[in-house]
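Fold and geometry: a report
Take a look at the letters that make up each chain.
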Amino acid sequence: GGAAAAPALLAAQSALAKKDNPGKPGAQKAKIDVPKPVTNLDLNGRRLVAVGDVHGDFAQAMKALELSKCMDSEGKWIGGTTVLVQVGDILDRGDNELAIMRKFQKLAREAKEAGGDVVVMNGNHEIMNVMGDFRYVTKGAFGECRRWVEKRRAREAEKLGEENVEPLPPVPDGVTPNSYYGLWARRDLFLPGGEMAVKMASNPTVLQVGDTVFAHAGITENHVDYGFQRLNNEVAAWMVGKNSQPPKHVLEEKGVVWTRDYGGAEGGNKSEAAACKRLTEALDATGAKRLIVGHTPQQKGINSGCGGKVWRSDTGMSRGIYGNTPQVIEIVNGRVRILSA
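What comes next is a walk through the structure. No experiment lies behind these values; they were computed from the predicted model shown.

As a further point, take the overall build of the chain. Scanning the chain from N- to C-terminus turns up 10 helices and 11 strands. Its C-alpha radius of gyration of 20 Å places the chain within 12% of the 20 Å reference for a compact globule of 341 residues. In the chain, the share of contacts with a sequence separation of at least 24, taken over all contacts with a separation of at least 6, comes to 73%. In the chain, the 45 positive side-chain charges and the 40 negative ones have mean positions that sit 2 Å from each other.

Quick look at the structure:
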C-alpha cells in the first residue's frame, strides 16, 4: 500500500530520467567521511527495547515510543539508561518519514546524556530508497521532501545570497511543479551522498546488543562469517557515495533485509524447522541467545518462534500497512516481554 505510481509521478520520473544530471547529489557536495556504524553494544544490565517497522506513520511511531516508556507525551526521552533499537523501515508507505527520522535523532542525543542509547537500523526500504526505488513513496512523503529541500535552500540563500545558490532545475512541459520537485528533492536527499543517505549511513544493518542480535529480516552463519562490522561498513560506504554498490547481503532475496524465513506463518512458512536450524547455527556463532527481526507484518501482534530464538517485532502498525495497535519488545535481565497499549 501507499505506492504513488500516479501519472504525475511517472511524468516527473520520465522528465528526470532524460536529464544528464538532474540535481543528483554528490557533484556539488563536499567529500564525506565514511561513518563506522555501531555494530556491538554492551547492555551492562540495562533495559533493552525493540520497536518494529513504522513506515512513515508519525502518530503510530510516537505511540510505540510512549508505550516503550522511553519517551513522554511531550516527546522527551524518559528511558534513562535504556537501549532502544528501531529495526528499520522508517521509510515508505507513510507521509512523515523525515519527521520520524528527526525524532529518533533527537531522542538519541537525549538518551546519550542519560546513559542510554537509541539505534535506528537500515531495513529493506532504506536500501531501496538509496537505490532510487521510490515505488512505495507516498504523495505526502514526496511533498515532505520537497518542503525540506525548499527550506534548506532558503537557509542557504539567506546565508550566501540567492546568486550563490544553485538554481532549481526548470520544470519540463507536461509535468506539474509539485510532482517534479517532489521527485527531484527525493533524489537529492536519498540517492548515495544525499543528505538523508548520509544520515542513514551511520545506522547499522546488523547489530548485536548483549545476547540479542538485530537484523531487519534475518541472519545466517554466512553473515556472521562475513562479519557484521564489515557488512555495516560496506553499506555505509555505499550510502555516502564512496562505493558504487552495497554488499550482496542486502540485495539477495535471502539477505539480511529481505529474507522471509524468520517471518513465521505470515512469511509464508509452513514449517520452521530448517530456518530454526540455520538460526541456531548463526546464533551459536555470535554467542547470542535470540534474534529480533521486523520486515514481515504479524497480523496478530508480536510473537516468537524457534523456541524463543526469534522474535518478530513488526505489528504492521503503520496505517500504510494494517494500522494495527503498536506493541514493543522489552528485555530485562534476559526476560522477554511484549508491551501492549
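This next bit is on the side chain of Arg46. Looking at where Arg46 falls in the secondary structure, it is placed in the loop between β1 (40-41) and β2 (48-51). Arg46 gets classed as buried once you look at its relative accessible area, which sits at 15%. Engagement of the side chain of Arg46 in a polar contact is seen with the backbone oxygen of Asp42, the distance being 2.9 Å. When sequence neighbours within four positions are dropped, the list of residues in contact with Arg46 reads Thr81, Val83, Gly115, Gly116, Asp117 and Ile331.

Below, the discussion takes up the state of the cysteines. Applying the stated criterion to the full structure yields one disulfide. The disulfide bridge from Cys276 ends at Cys306, spanning 2.0 Å between sulfur atoms. Here the disulfide of Cys276 and Cys306 is left-handed, its torsion about the S-S bond being about -85°. Taken together, the positions of Cys276 in helix α10 (residues 273-286) and Cys306 in the loop between β8 (303-305) and β9 (310-312) put the pair 30 residues apart, joining distant regions of the chain. As far as burial versus exposure is concerned, Cys276 and Cys306 are alike and both buried.

Within the open sheet, the five strands sit side by side as β4-β3-β2-β10-β11. Their pairing is mixed. The open sheet has two edge strands with one neighbour each: β4 (117-120) and β11 (335-340). Geometrically, the sheet is characterised by an average inter-axis angle of 20° between neighbouring strands, direction not taken into account. Where strand β10 (residues 327-332) and β11 come together, six bridges link them in antiparallel fashion. When the bridges of β11 are listed, Ile331 appears paired with Val336. Together, β2, β3 (83-86), β10 and β11 form the strand contacts of helix α2 (residues 58-67), whose direction differs from that of β10 by roughly 25°. Here helix α3 (residues 97-113) sits on the sheet in contact with β3 and β4, set at roughly 150° to β4.

Relative to the elements of secondary structure, Leu207 occurs in strand β5 (residues 206-209). Accessibility expressed as a relative area gives 0% for Leu207, which makes it buried. In this structure, the C-alpha to C-alpha distance between Leu207 and Val119, residues 88 residues apart in sequence, is 9.2 Å.

This next bit is on a positive patch on the surface. On the surface, Arg102, Arg109, Arg147, Lys151, Arg155 and Lys199 cluster together to form a positively charged patch. Secondary-structure elements contributing two or more residues to the positive patch are α3 and α5 (139-160). For the positive patch, the element with the most residues is α5, which contributes three residues. Relative to the helices and strands, Lys151 resides in helix α5.

Let's shift gears to the packing of α5 against helix α6 (residues 177-190). Here α5 crosses α6 at 75°, and the two axes come no closer than 8 Å. Taken together, the axis directions place α5 and α6 in an arrangement best described as roughly perpendicular. Here Ala141, Phe142, Cys145, Arg146, Trp148, Val149 and Arg152 of α5 come into contact with α6, specifically with Asn178, Tyr181, Gly182, Leu183, Trp184, Ala185, Arg186, Asp188, Leu189 and Phe190. Across the contact of α5 with α6, the residue classes break down as 11 nonpolar, two polar and four charged.

Every second residue of strand β6 (residues 212-215) is oriented toward a common face, with Thr212 and Phe214 on one face and Val213 and Ala215 on the other, all of them buried. Hairpin geometry of β5 and β6 is characterised by an intervening segment of two residues between the two adjacent antiparallel strands and by a positive phi of about 60° at Gly210. Here β6 pairs with strand β7 (residues 290-293) via three bridges, running parallel. Across the sheet, the residue bridging to Phe214 is Ile292, located in β7.

The rules behind these values
Residues numbered from 1 in each chain as written. Predicted model: local features only at pLDDT ≥ 70, side-chain atom pairs only at ≥ 80, totals over all residues. Heavy atoms only, no water. Helix = DSSP H or I, 4+ residues; strand = E, 2+ residues; numbered from the N terminus. Rg over C-alpha atoms; globule rule 2.2 N^0.38 Å. Contact = heavy atoms within 4.5 Å. Lys, Arg positive; Asp, Glu negative; His and termini not counted. Charge placed at Lys NZ, Arg CZ, Asp CG, Glu CD. Buried < 20%, exposed > 50% of the residue type's maximum accessible area, 1.4 Å probe, protein only. Polar contact = N/O pair within 3.5 Å; in protein donor to acceptor, adjacent residues only side chain to side chain. Disulfide = S-S within 2.5 Å. Pairing = 2+ DSSP bridges. Axes fitted to C-alpha atoms, helices over the stretch in contact; angles between N-to-C directions. Patch = residues over 30% accessible without salt bridge, like charges linked within 9 Å, V, L, I, M, F, W, Y side chains within 5 Å. Areas by Shrake-Rupley, 256 points an atom, 1.4 Å probe, with all protein chains shown as cover. Salt bridge = Lys/Arg side-chain N within 4 Å of Asp/Glu carboxyl O. Parallel < 35°, antiparallel > 145°, perpendicular 65-115°, else oblique. Nonpolar A, V, L, I, M, F, W, Y, C, P; charged D, E, K, R; others polar.

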